Amino acid sequence: MNSPEVTRHCVAICQLSNQPHEDFSVNTELLVLENGEVHVSTWDAEPRDGGFDVFVLNDRADAAGFMVVTDWEFLDGKAYAVVERRSGK
């Protein structure tokens, strides 16, 4: 059942970073939960209004090696989506 051909869906969560506010080099983080591992990507988002840009979220997930499977949903200041690992070539 653990065939590499089976698509494994993962959860992606984007949230504002809990880094100190004086550290403006990082204010947003993307967490992807995959097979018991957490992959983290951080960046400085503009504007700093707490909102998330769907295009940026998709780009960040892609850069981390994941494809967004569902639309991003927003709840309590966080963004959630189902993603899957891009196949390596």
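Scroll up for the structure.
Since this is a predicted model, take the numbers as computed values, not measurements.

### Some remarks on the overall build of the protein
(1) Moving on: A tally of helices and strands in the protein yields one helix and six strands.
(2) Moving on: Sequence-ordered secondary structure for the protein, helices as α and strands as β, is β-β-β-α-β-β-β.
(3) Moving on: Relative to all contacts within the protein whose residues are 6 or more apart in sequence, the contacts with residues 24 or more apart total 33%.
(4) Moving on: Total accessible area computed for the protein in this model is approximately 6200 Å², and 52% of it derives from carbon and sulfur atoms.

### Some details on the pairing of strand S6 (residues 78–85)
(1) Moving on: Direction of pairing for strand S1 (residues 9–16) relative to S6: antiparallel, over a ladder of six bridges. Along S6, the bridge assignment pairs Ala 12 with Ala 81.
(2) Moving on: Across three bridges, strand S4 (residues 66–68) lies against S6 in antiparallel orientation. Bridge pairing in S6 links Met 67 to Glu 84.
(3) Moving on: In this sheet, S6 lies alongside strand S5 (residues 73–75) in antiparallel orientation, the contact comprising three bridges. If you follow Glu 73 over to S6, its bridge partner there is Tyr 80.
(4) Moving on: The hairpin turn running from S5 into S6, its antiparallel successor, is two residues long, and Asp 76 in that turn takes a positive phi close to 50°.

### Some points on helix H1 (residues 54–63)
(1) Moving on: N-capping of H1 is provided by Asp 53, with a side-chain oxygen placed 2.7 Å from the backbone N of Phe 55.
(2) Moving on: Positioned one or two residues after H1, Gly 65 has a phi angle of 95°, which is positive.

### Structural notes on the environment of Gly 65
(1) Moving on: Mapped onto the fold, Gly 65 is located in the loop between H1 and S4.
(2) Moving on: In this structure Gly 65 comes out as buried when scored by relative accessible area, which is 18%.
(3) Moving on: Along the backbone, Gly 65 and Val 83 are 18 residues apart, and their C-alpha atoms lie at a distance of 9.8 Å.
(4) Moving on: Not counting residues up to four positions away in its chain, the partners in contact with Gly 65 are Glu 84, Arg 85 and Arg 86.

What counts as what
- Residues numbered from 1 in each chain as written.
- Predicted model: local features only at pLDDT ≥ 70, side-chain atom pairs only at ≥ 80, totals over all residues.
- Heavy atoms only, no water.
- Helix = DSSP H or I, 4+ residues; strand = E, 2+ residues; numbered from the N terminus.
- Contact = heavy atoms within 4.5 Å.
- Areas by Shrake-Rupley, 256 points an atom, 1.4 Å probe, with all protein chains shown as cover.
- Pairing = 2+ DSSP bridges.
- Polar contact = N/O pair within 3.5 Å; in protein donor to acceptor, adjacent residues only side chain to side chain.
- Buried < 20%, exposed > 50% of the residue type's maximum accessible area, 1.4 Å probe, protein only.

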